[in-house]
Amino acid sequence: AELLVLQAQSLRKKQMKGQSINDFMHEWLFQAKEYTTSFLNRGKALGIHVDKPYFLVLFQHDCPDIDELLPLIRANCLQPLDLWVKVNSRILAVATCDSEHYHNMIHEMQLLFSSAVGIGNVTDIIYKSLTQALEALRFGPVFAPNTSIYHYRDFSFIHQLSNIGT
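The structure contained in this document is the topic of the report that follows. Keep in mind it's a predicted model, so treat the numbers as computed, not measured.

Cut-offs applied
- Residues numbered from 1 in each chain as written.
- Predicted model: local features only at pLDDT ≥ 70, side-chain atom pairs only at ≥ 80, totals over all residues.
- Heavy atoms only, no water.
- Patch = residues over 30% accessible without salt bridge, like charges linked within 9 Å, V, L, I, M, F, W, Y side chains within 5 Å.
- Areas by Shrake-Rupley, 256 points an atom, 1.4 Å probe, with all protein chains shown as cover.
- Salt bridge = Lys/Arg side-chain N within 4 Å of Asp/Glu carboxyl O.
- Helix = DSSP H or I, 4+ residues; strand = E, 2+ residues; numbered from the N terminus.
- Core = buried A, V, L, I, M, F, W, Y, C linked by side-chain atoms within 4.5 Å.
- Buried < 20%, exposed > 50% of the residue type's maximum accessible area, 1.4 Å probe, protein only.
- Contact = heavy atoms within 4.5 Å.
- Expected span 1.5 Å × (residues − 1).
- Pairing = 2+ DSSP bridges.
- Axes fitted to C-alpha atoms, helices over the stretch in contact; angles between N-to-C directions.
- Phe/Tyr/Trp six-rings, centres within 6.5 Å; stacked < 30°, edge-to-face > 60°.

1. As for a nonpolar patch on the surface
Part 1 of the argument: A surface patch of nonpolar side chains, amounting to about 350 Å² of accessible area, comprises Phe157, Leu161 and Ile164.
Part 2 of the argument: Following the sequence through the fold, Phe157 ends up in helix H6 (residues 156-162).

Next up, the structure:
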């Protein structure tokens, strides 16, 4: 009975840490301003070093809810140090510091799923990379319909033109 209680406590701690990481990831992705010392320290306490350069990749899937695919994605495409969070029901954001794995991850996702891939530039504020990757997903299918991997750098000029007069 005591072992069951310890196992239940351990599982609860893992779930709470997972929720804390998920909450932090959402805050990190959608924070457009400079990071505060408090924010940096919270990240470090969770094992997330937001002051490192990350490659941010968005995977957009036709599946109505990407939750159905998460176990398969985590088992086949992600490494333990990859950070991921759902942007919405169809888009998964993955941040990694490993440039070699970054390319392999995209390749694995392409083999397993028919995902559109949006890639932002590596920036000091990950929100910038997120918005760039979202713009790549917006412009990519229109201006490069024969591929499904869209780098923001290929569409930045179009993005700038689209903002003229706004």
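From this point, things continue past the structure.
2. Notes on the nonpolar core
Part 1 of the argument: Trp28, Ile48, Leu58 and Ile126 are the most contacted members of the largest nonpolar core, which totals 30 residues.
Part 2 of the argument: Here this core takes 6 residues from helix H5 (residues 126-143), the largest share from any one element.
Part 3 of the argument: With sequence-adjacent residues up to four places away left out, Ile48 is seen in contact with Ile21, Phe24, Met25, Trp28, Gly43, Tyr54 and Leu83.
Part 4 of the argument: Grouped together as the second largest cluster of nonpolar side chains are 18 residues, Cys63, Leu70, Ile73 and Ile119 included.

3. Let's talk about H5
Part 1 of the argument: For H5, which comprises 18 residues, the first-to-last C-alpha distance of 25 Å matches the rise-based estimate of 26 Å (1.5 Å per residue) to within 8%.
Part 2 of the argument: Taken as a whole, H5 has its buried residues at Ile126, Ser129, Leu130, Gln132, Ala133, Glu135, Ala136, Leu137, Phe139 and Gly140.

4. Focus: the sheet that holds strand E2 (residues 83-86)
Sheet strands pair via backbone hydrogen bonds, and the direction of the pair is either parallel or antiparallel.
Part 1 of the argument: Taken in spatial order, the 5 strands line up as E2-E3-E1-E4-E5 in an open sheet, and their pairing is mixed. Here the strands that pair on one side only, and so sit at the sheet edges, are E2 and strand E5 (149-151). Going across the sheet, the axis of each strand differs from the next one's by a mean of 20°, ignoring polarity.
Part 2 of the argument: Two elements, E2 and strand E3 (residues 91-96), share 4 bridges in a ladder whose sense is antiparallel. Across the sheet, the residue bridging to Lys86 is Leu92, located in E3.
Part 3 of the argument: Across the sheet, helix H4 (residues 99-112) lies against strand E1 (55-60), E3, strand E4 (116-119) and E5, angled at about 5° from E1, the strand it touches most.
Part 4 of the argument: Its contacts with the sheet place H5 against E1, E3, E4 and E5, and it is angled at close to 40° to E1.

5. Some points on the packing of aromatic side chains
Part 1 of the argument: As enumerated under the stated definition, the model contains 6 aromatic pairs in all.
Part 2 of the argument: Note on Tyr35 and Phe39: the rings are 5.4 Å apart at their centroids and 20° apart in plane angle, and the pair reads as stacked. Accessibility assignment for this pair places Tyr35 and Phe39 in one class, buried.
Part 3 of the argument: Judged by centre distance (4.5 Å) and plane angle (25°), the rings of Phe55 and Tyr102 are stacked. Separated by 47 residues along the polypeptide, Phe55 in strand E1 and Tyr102 in helix H4 bring together distant segments of the chain.
Part 4 of the argument: Note on Tyr102: relative accessible area 6%, which makes it buried.
Part 5 of the argument: Clustering of aromatic rings is evident, with ring pairs tying together Phe24, Tyr35 and Phe39.

6. A word on H4
Part 1 of the argument: For H4, which comprises 14 residues, the first-to-last C-alpha distance of 20 Å matches the rise-based estimate of 20 Å (1.5 Å per residue) to within 8%.
Part 2 of the argument: Lining the buried residues of H4 we find E1, helix H3 (70-76), E3, E4 and E5.

7. What to know about the environment of Phe55
Part 1 of the argument: A sequence separation of 66 residues divides Phe55 from Asn121, and the C-alpha atoms of the two residues are 7.4 Å apart.
Part 2 of the argument: Apart from residues no more than four positions distant in its own chain, Phe55 is found in contact with Val94, Ala95, Thr96, Cys97, Asp98, Ser99, Tyr102 and Val122.

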